[in-house]
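Structural overview for review
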Amino acid sequence: MLNKIIKRGSRKVPKSDANEPYGATAAGYRGGAGGAPGPVVSASNVTVNHASRTTLSSSVPGGGANSYPQVSSGAAAAPQIEALPLFRDVPVPERQALFLRKLQICAMVFDFSDTLKSAREKEAKRQTLLELIDFIQSGSGRITEPVQEELVRTISANIFRCLPPASHENTGSEGADPEEEDPYLDPAWPHLQLVYELLLRYVVSSDTDTKVAKRYIDHSFVLRLLDLFDSEDPREREYLKTILHRIYGKFMVHRPFIRKAINNIFYRFIFETEHHSGIGELLEILGSIINGFALPMKEEHKLFLARALLPLHKPKSVGVYHQQLSYCITQFVEKDYKLADTVIRGLLKYWPVTNCQKEVLFLGELEEVLEATQPAEFQRCMVPLFKQIARCLNSSHFQVAERALFLWNNDHIVSLIAQNRSVIFPIIFEALEKNMQGHWNPAVHGLTANVRKMFLEMDSELFEECQRQYIEKVEKDKTLEEQRELAWRRLEAVVAAKAAGEEMVLVN
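No experiment lies behind these values; they were computed from the predicted model shown.

1. A short note on helix α18 (residues 398-405)
- For α18, the buried fraction is high: 6 of the 8 residues fall into the buried class.
- All buried positions along α18 are accounted for by Val-400, Ala-401, Glu-402, Arg-403, Ala-404 and Leu-405.
- In this structure, the buried residues of α18 make contact with α16 (356-371), α17 (375-393), α20 (421-438) and α21 (442-458).

The structure is reproduced here in structure tokens:
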């Protein structure tokens, strides 16, 4: 009897049904007497969820034919899932066909906004997904190509869906801080997690032949996977990060395409929307990719650094993903020390003017970059660099001034400064003296005294020369200020005399 059921369930769909939504024909079985399959669900009992930020299926050629409908939340009863035997209860030759039948059950997509609706069917689907995961993970046998195709179609039906509107779209609060917002948790996650786990096990399985799998894990699939990184559910983004990383590692043919697609996401985020939930996760993937770049580094990778990674410092939400971004930037400099000048000048280009918290982040990143910087590259950018550091030393925000002074706690940076002290001392000496004379924060005052003492011990003659020049500059500025005040007083006297003369004329 089981063999008859399997043969019926694996029949090809007639050409006339090719345009039907896949889930309406493959997923809707109702168990009858003796386990015989009941009638399939008619198209009138299914609807497609349209509320979205991005209609994923419509953006891919042919995507509509592979779209699986969601079970309607109307009055019609949800289809009941046919009970199928466990894999261990059927002979080995029949397990591939049984796997196919179980996939067809998992292709049904339920509405999770109502937890009580179709509860039994949802639980049956969950148990079936667990069986499929266990079957692939156990390595019970290499799944055939038709089953792989059906597996990817079923996964696509579940994960490629319309994402709910972002929180700022619902409230209109464009200025909300992403770090302070509560994360959105998808109510369908109990099933989505299992579907993602199934995809992950399929990708990492040693039985998965990339030559076959790449026909189904293709560019279209990868693009839609990248679209899902905009999900506000952090649990989903974490799974997506792991899966995309594994795909990048296993499918070498997709590597240039994945890098280019991530580039495009960054460009749109930087120059158009400034809203995307998955920038941090994408940067984590890139951190691992950059670590594997071969030397000498390709021009394509250097352009990626200059055109995508460095401009990512510009958006005001950089604090959300700055840790991952800083890691990627540092990886580039550690890979190729000649890029240090490009990176430092890029940081200076996007250095914040009024955002003190961003300045603290930039100073932390700058220290990591300088640790990997060689003397020749340091000399190319040290003048504009220390002009900016001098401005940070005099910042009225104590955290900015304090973080800038902490640079002198790094032995490598102190060594670079010592080698070029004749250029650097005159640039920052004035900033140090101003802090000593008038900074309001005691901690900054103390740190400044330590740095000043370090300079004195490093080169007392240069210190005294800088001090002499500073005193001369202060006196010169004082003289200019006195001359300016005198000029104003003379001007005021002339105006007053002229006004008095006009008044006398009027009186006479």
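2. Here's the deal with the confidence of the model for the chain
- Looking at the chain as a whole, the pLDDT averages 83, with 81% of positions reaching at least 70.
- Mean pLDDT per element in the chain: strand β1 (residues 46-47) is the minimum at 29, and helix α9 (residues 219-227) is the maximum at 97.
- Confidence drops under a pLDDT of 50 for residues 1-77, and excluding neighbours within four residues, the segment shows 115 contacts in the predicted structure.

3. Topic: the packing of helix α7 (residues 189-204) against helix α10 (residues 234-250)
- Relative to each other, α7 and α10 sit at 15°, their axes nearing to 10 Å. Looking at the two axes, α7 sits roughly parallel to α10. Where α7 crosses over α10, the handedness of that crossing is left-handed. Contact residues: α7 offers Trp-189, Gln-193, Tyr-196, Glu-197, Leu-199, Leu-200, Val-203 and Val-204, while α10 offers Arg-235, Glu-236, Tyr-239, Leu-240, Thr-242, Ile-243, Arg-246, Ile-247 and Lys-250.

4. Thoughts on the pattern of salt bridges
- One pass over the full model with this rule turns up 23 salt bridges.
- The partner of Arg-235 in a salt bridge is Asp-233, and the shortest N-O contact between them spans 2.8 Å.
- Overall, Arg-235 belongs to the partly exposed group, its relative accessible area being 32%.
- The closest approach of N and O atoms between Asp-341 and Arg-345, which form a salt bridge, is 2.9 Å.

5. Comments concerning the nonpolar core
- Core analysis: the largest hydrophobic core is formed by 129 residues, its most contacted members being Phe-266, Leu-309 and Trp-408.
- Beyond its immediate sequence surroundings of up to four residues, Trp-408 is in contact with Phe-386, Ile-389, Leu-393, Val-414, Ile-417, Ile-428, Val-451, Met-454 and Phe-455.

6. Focus on the packing of aromatic side chains
- Scanning the entire structure with this criterion turns up 18 aromatic pairs.
- The interplanar angle of 35° and the centroid separation of 6.0 Å between the aromatic rings of Phe-87 and Phe-99 together place this pair among those described as tilted. A residue pair is termed long-range when its members are at least 10 positions apart, and Phe-87 in the loop between β2 (70-71) and α3 (95-106) and Phe-99 in helix α3 qualify at 12 residues. Per residue, the accessibility class of Phe-87 equals that of Phe-99, and both read buried.
- Taken together through their ring pairs, the aromatic side chains of Phe-378, Phe-386, Trp-408, Phe-425 and Phe-455 make up a single cluster.

Reading the values: rules and limits
Positions within a chain are numbered from 1, following the residues in the order the chain's sequence is written. Restriction of local features to residues with pLDDT of at least 70 applies here, the model being predicted, together with a cutoff of 80 or more for giving and counting side-chain atom pairs; totals for whole chains, interfaces and linings are based on all residues. Side-chain metrics in this entry use all non-hydrogen atoms of the structure; hydrogen atoms and water are not considered. Remark: exposure states derive from per-residue accessible area (1.4 Å probe, protein chains only) relative to the maximum for the residue type, with buried under 20%, exposed over 50%, and partly exposed in between. Counting from the N terminus, the helices are DSSP H or I runs at least four residues long and the strands are E runs at least two residues long. Note on contacts: a residue pair qualifies if any of its non-hydrogen atoms lie within 4.5 Å across the two residues. What pLDDT conveys is the predictor's confidence in a given residue, as a value from 0 to 100. Angles here are taken between N-to-C directions and fall from 0 to 180 degrees, while the axes themselves are lines fitted to C-alpha atoms, restricted in helices to the stretch in contact. Just so you know how the angles are binned, under 35 degrees is roughly parallel, over 145 roughly antiparallel, 65 to 115 roughly perpendicular, and the rest oblique. With the far helix as reference, a near helix turned anticlockwise by less than a right angle produces a left-handed crossing, and one turned clockwise produces a right-handed crossing. Note on definitions: salt bridges are taken to be side-chain nitrogens of Lys or Arg within 4 Å of carboxyl oxygens of Asp or Glu. In plain words, nonpolar cores are sets of buried Ala, Val, Leu, Ile, Met, Phe, Trp, Tyr and Cys residues tied together by side-chain atoms within 4.5 Å. Each Phe, Tyr or Trp ring, with Trp reduced to its six-membered ring, pairs with another whose centre is within 6.5 Å; inter-plane angles below 30 degrees give stacked pairs, above 60 give edge-to-face pairs, and intermediate values give tilted ones.

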